[in-house]
Amino acid sequence: MVLSENEAKFKFCPLLKTTEDKMKFCQGSMCMMWRRHDKDKDKGWCGLAGKPLNAAG
Ligand code: SF4
C-alpha cells in the first residue's frame, strides 16, 4: 500500500506492541522497514510485505 508518511502513522504496525500488548502505529521513515517511493518522495510503504503493485518505478 503506497501512502504518505502521515497516513501511515494511522495504520497499525504488525510488529510493534505496547507494554499492554496493544498494537502501535507505523513509525514511517523512523523505521528501517519504511521504503520511500522512487518518484514521489513524500510517499512510501512498509517493506515487510514487499513492493506494492501500484508502486511504479
Ligand atoms: S514501516 Fe516499520 S513501523 Fe511501519 S508498519 Fe512497517 S515495520 Fe511497522
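So, here is what we can say about the structure in this document. (Residues numbered from 1 in each chain as written. Predicted model: local features only at pLDDT ≥ 70, side-chain atom pairs only at ≥ 80, totals over all residues. Heavy atoms only, no water.)

### Some details on the packing of aromatic side chains
Line of reasoning, step 1. Scanning the entire structure with this criterion turns up two aromatic pairs.
Line of reasoning, step 2. Between Phe 12 and Phe 25 the ring centres are 5.1 Å apart and the planes differ by 10°, which places this aromatic pair in the stacked class. Placement of the pair is Phe 12 in strand E2 (residues 12–17) and Phe 25 in strand E3 (residues 23–25), with a sequence separation of 13 residues.
Line of reasoning, step 3. Residue classification places Phe 25 among the partly exposed residues on the basis of a relative accessible area of 36%. (Phe/Tyr/Trp six-rings, centres within 6.5 Å; stacked < 30°, edge-to-face > 60°. Helix = DSSP H or I, 4+ residues; strand = E, 2+ residues; numbered from the N terminus. Buried < 20%, exposed > 50% of the residue type's maximum accessible area, 1.4 Å probe, protein only.)

### Comments concerning the sheet that holds strand E5 (residues 43–46)
Line of reasoning, step 1. One open sheet accounts for three strands, arranged E1-E5-E4; its pairing is antiparallel. Across the chains shown, the open sheet's two edge strands, defined by having one partner strand only, are strand E1 (3–4) and strand E4 (34–36).
Line of reasoning, step 2. The sheet contact formed by E1 and E5 spans two bridges and is antiparallel. Within E5, the position partnered with Ser 4 by the bridge is Lys 43. (Pairing = 2+ DSSP bridges.)

### Observations regarding the site of the ligand
Line of reasoning, step 1. For the ligand, the full set of nearby residues is Cys 13, Pro 14, Cys 26, Gln 27, Cys 31, Met 33, Trp 34, Cys 46 and Leu 48.
Line of reasoning, step 2. When grouped by side-chain class, the residues that make up the shell around the ligand number eight nonpolar, one polar and no charged. (Near = heavy atom within 4 Å. Nonpolar A, V, L, I, M, F, W, Y, C, P; charged D, E, K, R; others polar.)

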